[in-house]
Amino acid sequence: MENLIALLVAAPLVGAALLLCGGKRLDRTGHWIGTLLAVASFAVGVALFADMLGRSADHRAMHQYLFSWIPVGGFRADVAFQLDQLSMTFVLLITGVGSLIHIYSIGYMEHDERRRRFFGYLNLFLAAMLLLVLADNYLLLYVGWEGVGLASYLLIGFWQHKPSAATAAKKAFLVNRVGDMGLSIAIMLMFTTFGTFAFGPVLAATGATSEGKLTAIGLMLLLAACGKSAQVPLQSWLGDAMEGPTPVSALIHAATMVTAGVYLITRSGAVFNAAPDAQLAVVVVGAVTLLYGAIVGCAKDDIKKALAGSTMSQIGYMVLAAGLGPIGYAFAIMHLVTHGFFKAGLFLGAGSVMHGMNDEVDMRKYGGLRKYMPVTFLTFGLGYLAIIGFPGLSGFFSKDKIIEAAFAKGGTEGWILGGAALLGAAVTAFYMTRVMLMTFFGEKRWDPKETHPHESPKIMTVPMIVLAVGSVFAGGLFSINESFVTWLEPVTSFAHGHSPVSATTVTASTIVVLLLGVGTAWLMYGRKPVPALAPRGSLLTRAARRDLLQDDFNDLVFVRGGTHLTTTLVQLDRSLVDGAVNGTAASMGGLSSLLRRLQTGFVRSYAVQMLGGAAVLVAATLLMRGV
Amino acid sequence: MSSVASVHSLWTVAAGAPGKIPGPHIEYAQLSPTLIVLGAAVIGVLIEAFVPRAARYYSQLLLSLVALAAAFAAVIGLAAGGFGSSKAHIAAMGAIAVDGPALFLQGTILLVSLIAVFTFAERRLDPAAHGKRVDSFAAEAAAVPGGAAEQAAVKAGFTTTEVFPILLFAVGGMLVFPAANDLLTLFVALEVFSLPLYILCALARRQRLLSQEAAVKYFLLGAFSSAFLLFGVALLYGYAGTVTYAGIAEVVSDGAKQIDPALAGTMGNDALLLIGGALVLMGLLFKVGAVPFHMWTPDVYQGAPTPVTGFMAAATKVAAFGALLRLLYVVLPGLRWDWRPVLWGVAILTMLGGAVVAITQTDIKRLLAYSSIAHAGFILAGVIATSEDGVSSVLFYLGAYSFVTLGAFAVVTLVRDAGGEATQLSKWAGLGRRSPLVAAVFAVFLLAFAGIPLTSGFAGKFAVFKAAAQSGAGWLVVVGVISSAIAAFFYIRVIVLMFFNEPKADGPTVAVPSPLTTTAIAIGVTATLVLGLAPQYFLDLAGQAGVFVR
């Protein structure tokens, strides 16, 4: 069975190769090939899952060793896979949601002339993401990590004719580089500390390593997670990334790739467990981001950017949970999976709305769409109820557990983190209700002459329905007998937290803040008509519209500071380094011209040189004996 | 009348005395790779004589491919049968070794030749002459360039299908060369593969004068170096009283036991050994193109038809390094302290010389020629290691390098203008804009030449440098890395030229080849990437093949 693991990665990889190298002859069938291979990968995933369920909890992890890339001394870079419960969860999420989004894209990208390329990139993304979660060592994980970065870059800038898309792609790439640097430093530190990159030996050796080193590794891993998962302070790229086609936002920038940071932290749990300072940094980042994203989400009028703010905030919850240690890992992953369902569903719904509204993204120009797009309204509505944590739906179970775990951290920290998580829940209810009301309720704010809203074709609505079903039931299913926690426990370990407040109190307060958030939103956007032009707004609103001034800050500190630094360095480089380099190059060139003259083109001079060479060779050999 | 009778009596005496002159014992099965190729070459000559002209091309092509594939299968069969390891021994009355390195190199040579046949047979690149498709070879090689006979031959649509049997003869010689186990077989094999190469060099369809000049230069210098080699053989015979490798090695390590009365004055004289060894070494260094015996390389590489250049650059190097390894590891290991310092010097000169002079080249074929000189230096670094790792790293390097070289020269045949192949580097400016795929493929080959990771070039260079460093040749590795850095400059410069310079208005076009050349290039790229991404399997394979039979 373990020999099938490579097939998971191979199927989409073959798809990417076919579609990207196949040329025009695949234009008409390419999207079906891509979709088929994504579904094939999902099928393999399901088969492996069934096989895994059939074994006892301790024997579920599988390994597949492919080959080793130049082992030198202690350096071993293996291409080997590890499929345990954690990876399995991701595999099913990635291939399952991935397949649905492939299917959806067949309809969404129907009129795009570069559709084949789009599916090629989607396949490439799937392959890289699967490599990331299946790798059995950090170096191979890094390959996948860079691969998803590349796919994300290519897809954000897919409509490269739009300067905004090209810039957004570049921005995402550059910000991610900062995070990637963290990961590469972490890997180098691991090698110097443990002498290996493989998960098993590294994570087993954390007990016998100094806390200082582990803290350094942990902080570098956190930096990497911040970049990939758009956490403060590397969050600035996610909003702009919405320039990509909506299926991309759903798959990469909501359901899967942006959760890679959470995977990294959970996978490296042993490192963080042994480094409390790094763990503290993780929860701080999570708590700050969950509020930051929520506030930004409240002010955006662009439906995709509002959802992007929400993504950032929800991943903040996951990072917070992952930072709590064994009491939180399982819930972080559980929220990650439920979030994968409802956020992908919400994005696909947003795409469906845009599809029917001439690609308009400004919610102030929507209104009253529920009559025109009943299926979209219904599926989006279920996703909405799930994300705000409506009792009984997926988000309720996963988020509630995280809030409980945050309180259970204990002491003042517990109160602060729990409070932040609770506040975040209220704000989530507010901004999501706002999105819902502005889009589907109220008066029409669009021109009926130019816009003819209509429901999307079946190929788009069916994936939305499937995701909506997941958004409703997944959380409940995972919570029966704590099945999800039991499933993950062998990998992430699990401990019940001791909350200073009872679970019932937490649940009750969650429902109260939920109602508060919904009510406030209704007062502001439901009872009164929504102005078609955005009002000036308070200082906070204006700041939030500008993403809380993140770009202004980055520009002031990093861009200007960086420019200054480079000009200084360039001057130094010109005078010192270039002088030496150019000197060497010039002398080599001179030497080359000189030696070239020996090549006269006359056989006679060649023969003389050979004779001379032979004489020297003989003389040297004799001399060696003499010496 | 009486003389006839005496000859007759000699015959009858010989025939009438059974057991006195025993027939040599030949292991036909173990020599089958060579026999298949040489047999096919003979059939090829017969095809030229008896098959109608129209059918010759396809029958020759088929024959060559089948023969080379069959020979390759025979090599695999022998290796699988254990002749590379446990059953390795010396066959054909002590003349030919059947062991790991021999089989590995023969396999490589056969694969390389198979791909070379694809490029030889390419007929879509040159514009059709009078309605007939033509290849890179002269219409009638014996006609005076530009003369009336040549024009008549072109008009009649003649092609030189003799190139296929000639190629097979050369391959036959190359198969024996690294397996030769005595000095005379070595010399015969050298001539058997060199003479066909001289002819092939002279057969270019375009720029025939340049091609013929190259062939004459190659022939003269080749003959010159063969003379040195033969002189060295004579001296070694004088020293040891035998030409077999094992016999010489024994005298070197234990001294002469039975003095042959005819050689009483010379046997055991170390001066003969040292001078003879150096001269034989020189003959082999000439073939691999090491400084200072490299002068022929750029001129011949440039003048020869490009498919021939590719074949020569790849296969000759494999065969010659194979012979060099066997000579140094089997015959002269006892002299290690004498030849190692000398080869150190040669390797350093070769690496630096090739890399430095390549900087100022303006012709792509000459550039690749100097690059091949530099590579010869890198491989010498592995040879000097005198360890099993050294042998396996050299074997791996040779395999990796020959695919890159063949592929690169195959790409050169595609870039053309009105005068045939556009080999002037300046004409390649902006090629990446016009033909991104071809330029990208060539860039992969250049990166492999430069030894950039994830290509086979890196894995090979890493292996030889590692072996050299482990054997204590640290400084050699330092020089090697410096020359790699110098060499990277001119490889990257071509990439910059192709992708970042504006294309010229009257620049060359990229011809669309037939599946033959496409296959050759595709195999080259695949091998380059596979050996770069997952070299370990092949390194292990070369490692298992790294022991010489003595």
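Above this note sits the structure.
Residues numbered from 1 in each chain as written. Chains lettered and ligands numbered in written order. Predicted model: local features only at pLDDT ≥ 70, side-chain atom pairs only at ≥ 80, totals over all residues. Heavy atoms only, no water.

Right, let's get into the overall build of chain B. Tallying secondary structure elements over chain B gives 21 helices and five strands in all. A globule of 550 residues ought to have a C-alpha radius of gyration of about 24 Å, and chain B, at 24 Å, matches this closely. When burial is assessed residue by residue, chain B has 61% of its 550 residues classed as buried. Across chain B, contacts joining residues at least 24 apart in sequence account for 80% of those joining residues at least 6 apart. When the accessible surface of chain B is summed, it comes to about 19,800 Å², and 70% of that surface belongs to carbon and sulfur atoms. Charge-centre separation for chain B: the mean point of 30 positive side chains lies 8 Å from the mean point of 26 negative side chains. (Helix = DSSP H or I, 4+ residues; strand = E, 2+ residues; numbered from the N terminus. Rg over C-alpha atoms; globule rule 2.2 N^0.38 Å. Buried < 20%, exposed > 50% of the residue type's maximum accessible area, 1.4 Å probe, protein only. Contact = heavy atoms within 4.5 Å. Areas by Shrake-Rupley, 256 points an atom, 1.4 Å probe, with all protein chains shown as cover. Lys, Arg positive; Asp, Glu negative; His and termini not counted. Charge placed at Lys NZ, Arg CZ, Asp CG, Glu CD.)

The number of helices and strands found in chain A is 24 helices and two strands. Taken along the three principal axes of its C-alpha coordinates, chain A extends 105 × 60 × 50 Å. Expressed as a percentage of contacts within chain A between residues at least 6 apart in sequence, the contacts between residues at least 24 apart total 80%. Counting only carbon and sulfur atoms, one obtains 68% of the accessible surface of chain A, whose full area is about 25,000 Å².

Next up on the list: the interface of chain B and chain A. Many descriptions give the size of an interface as the accessible area lost when the pieces come together. Residue-level contacts link 44 residues of chain B with 31 residues of chain A. Both sides of the chain B and chain A interface together cover about 3,300 Å² of buried area, and 75% of this is carbon and sulfur. Applying the counting rule to chain B against chain A returns two salt bridges. Its salt-bridge partner being Asp 270 of chain B, residue Arg 625 of chain A comes within 2.6 Å of it at the nearest N-O pair. For the interface between chain B and chain A, the tally reads 11 residue pairs in polar contact (both at pLDDT 80 or more). Of all the secondary structure elements, the ones that give two or more residues to the side of chain B that touches chain A are helix H8 (208–240), helix H10 (270–288), helix H11 (296–303), helix H13 (336–358), helix H14 (364–384), helix H18 (456–470) and helix H20 (515–533) of chain B. For the side of chain B that touches chain A, the per-class residue count stands at 31 nonpolar, seven polar and six charged. (Buried area = accessible area lost by both parts, 1.4 Å probe. Salt bridge = Lys/Arg side-chain N within 4 Å of Asp/Glu carboxyl O. Polar contact = N/O pair within 3.5 Å; in protein donor to acceptor, adjacent residues only side chain to side chain. Nonpolar A, V, L, I, M, F, W, Y, C, P; charged D, E, K, R; others polar.)

For the rest of this paragraph, the subject is the nonpolar core. Core analysis: the biggest nonpolar cluster contains 208 residues, and Phe 120, Phe 177, Leu 285, Phe 311 and Phe 442 of chain B have the highest contact counts within it. Take this core: its biggest share by element is 18 residues, from helix H12 (residues 306–331) of chain B. When near neighbours in sequence (up to four residues on either side) are disregarded, Leu 285 of chain B contacts Leu 617 of chain A together with Ala 290, Phe 293, Leu 324, Leu 343, Val 346 and Leu 380 of chain B. The next biggest cluster of nonpolar side chains, apart from the first, holds 186 residues, and it includes Leu 141, Ala 278, Tyr 329 and Leu 422 of chain A. (Core = buried A, V, L, I, M, F, W, Y, C linked by side-chain atoms within 4.5 Å.)

Residues and elements named next belong to chain B. On the basis of which strands lie adjacent, the open sheet formed by three strands has the order S4-S3-S5 and antiparallel pairing. Since the sheet does not close on itself, it has two edges, and those belong to strand S4 (420–421) and strand S5 (509–510), each with one partner. Where strand S3 (residues 415–417) lies against S5, two bridges are found, and the strand directions are antiparallel. Across the sheet, Val 415 pairs through a bridge with Val 510, a residue of S5. (Pairing = 2+ DSSP bridges.)

In the structure shown here, the tally under the stated rule is 41 aromatic pairs over all chains. The interplanar angle of 80° and the centroid separation of 5.9 Å between the aromatic rings of Phe 118 of chain A and Phe 119 of chain A together place this pair among those described as edge-to-face. Of the residues examined, Phe 119 of chain A reaches a relative accessible area of 0% and is grouped as buried. With a centroid separation of 4.9 Å and 85° between ring planes, the pair formed by Tyr 198 of chain B and Tyr 218 of chain B is classed as edge-to-face. Of the two residues, Tyr 198 of chain B is situated in helix H7 (residues 183–201) and Tyr 218 of chain B in helix H8; the sequence distance between them amounts to 20 residues. Each member of the pair, Tyr 198 of chain B together with Tyr 218 of chain B, is buried. A network of ring pairs unites the aromatic residues Tyr 198, Tyr 218, Phe 219, Phe 286, Trp 296, Tyr 301 and Phe 409 of chain B as a single cluster. Here the basic side chain of Arg 114 of chain A rests over the ring of Phe 158 of chain A, its NZ or CZ set 4.6 Å away from the ring centre. In this structure, Lys 87 of chain B is placed above the aromatic ring of Phe 83 of chain B, and the distance from its NZ or CZ to the ring centre is 4.9 Å. (Phe/Tyr/Trp six-rings, centres within 6.5 Å; stacked < 30°, edge-to-face > 60°. Lys NZ or Arg CZ within 6 Å of the ring centre and 35° of its normal.)

With that settled, the discussion passes to the packing of helix H1 (residues 5–21) of chain A against helix H4 (residues 115–134) of chain A. Residues and elements named next belong to chain A. The N-to-C vectors of H1 and H4 enclose an angle of 155°; their axes lie 8 Å apart at closest approach. Classified by the angle their axes make, H1 and H4 are roughly antiparallel. Both H1 and H4 take part in a crossing whose hand is left-handed. From H1, Ile 5, Leu 8, Val 9, Pro 12, Leu 13, Gly 15, Ala 16, Leu 19 and Leu 20 reach across to H4, where they touch Arg 116, Arg 117, Phe 119, Gly 120, Tyr 121, Asn 123, Leu 124, Leu 126, Ala 127, Leu 130, Leu 131 and Leu 134. For the contact of H1 with H4, the class distribution of residues is 16 nonpolar, three polar and two charged. (Axes fitted to C-alpha atoms, helices over the stretch in contact; angles between N-to-C directions. Parallel < 35°, antiparallel > 145°, perpendicular 65-115°, else oblique. Left-handed = near helix turned anticlockwise from the far one by under 90°.)

For the rest of this paragraph, the subject is helix H6 (residues 163–194) of chain A. Helix length check: H6 of chain A, at 32 residues, gives a terminal C-alpha distance of 46 Å against a target of 46 Å (1.5 Å per residue), a fit within 8%. Downstream of H6 of chain A by one or two residues, Gly 195 of chain A has phi in the positive range, about 75°. (Expected span 1.5 Å × (residues − 1).)

Before going further, it helps to spend a moment on unusual backbone geometry. As a rule of thumb, non-glycine residues mostly have phi less than zero, and peptide bonds are mostly trans rather than cis. Backbone torsion omega between Val 232 of chain A and Pro 233 of chain A reads 10°, so that peptide bond is classified as cis. Note on placement: Pro 233 of chain A falls in the loop between helix H8 (211–229) and helix H9 (237–240). Of note, the amide linkage connecting Val 291 of chain B to Pro 292 of chain B takes the cis form, showing an omega dihedral of 5°. Locating Pro 292 of chain B in the fold gives a position in the loop between H10 and H11. We note that Ala 92 of chain B has phi near 55°; this positive angle belongs to a residue other than glycine. Looking at the element boundaries, Ala 92 of chain B is found in the loop between strand S1 (89–91) and strand S2 (96–98).

On to helix H15 (residues 329–356) of chain A. Residues and elements named next belong to chain A. Taking 1.5 Å of rise per residue, 28 residues should cover 40 Å, and H15 covers 40 Å from first to last C-alpha, within 8% of that figure. Roughly 30° is the biggest bend found in H15, and it falls at His 339. Among the 28 residues in H15, 26 count as buried, and that is most of the element. Trailing H15 by a residue or two, Asn 358 shows a phi angle of about 55°, which is positive. (Bend = angle between axes of the 7 residues up to and from the residue.)

Residue and element names in this part refer to chain A. The contact between helix H17 (residues 394–408) and helix H18 (residues 411–440) brings their axes to 7 Å, and the two run at 155°. For the element pair H17 / H18, the angle class is roughly antiparallel. Across the interface between the two elements, Lys 399, Ile 403, Ala 406 and Phe 407 from H17 touch Gly 414, Trp 415, Leu 417, Gly 418, Gly 419, Ala 421, Leu 422, Ala 425 and Thr 428 from H18. Each residue belonging to the contact of H17 with H18 can be placed in one class, and the counts come to eight nonpolar, four polar and one charged.

Moving on, we get to the pattern of salt bridges. Within this structure, the stated rule accounts for 27 salt bridges over all chains. For Asp 78 of chain A, the salt bridge goes to Arg 76 of chain A, with nearest N and O atoms at 3.2 Å. Note that Arg 625 of chain A is salt-bridged to Asp 338 of chain B, the shortest N-O span being 2.9 Å. Taken together, the residues Arg 625 of chain A in helix H24 (residues 603–626) and Asp 338 of chain B in helix H13 connect one chain to another. Of the residues examined, Asp 338 of chain B reaches a relative accessible area of 7% and is grouped as buried.

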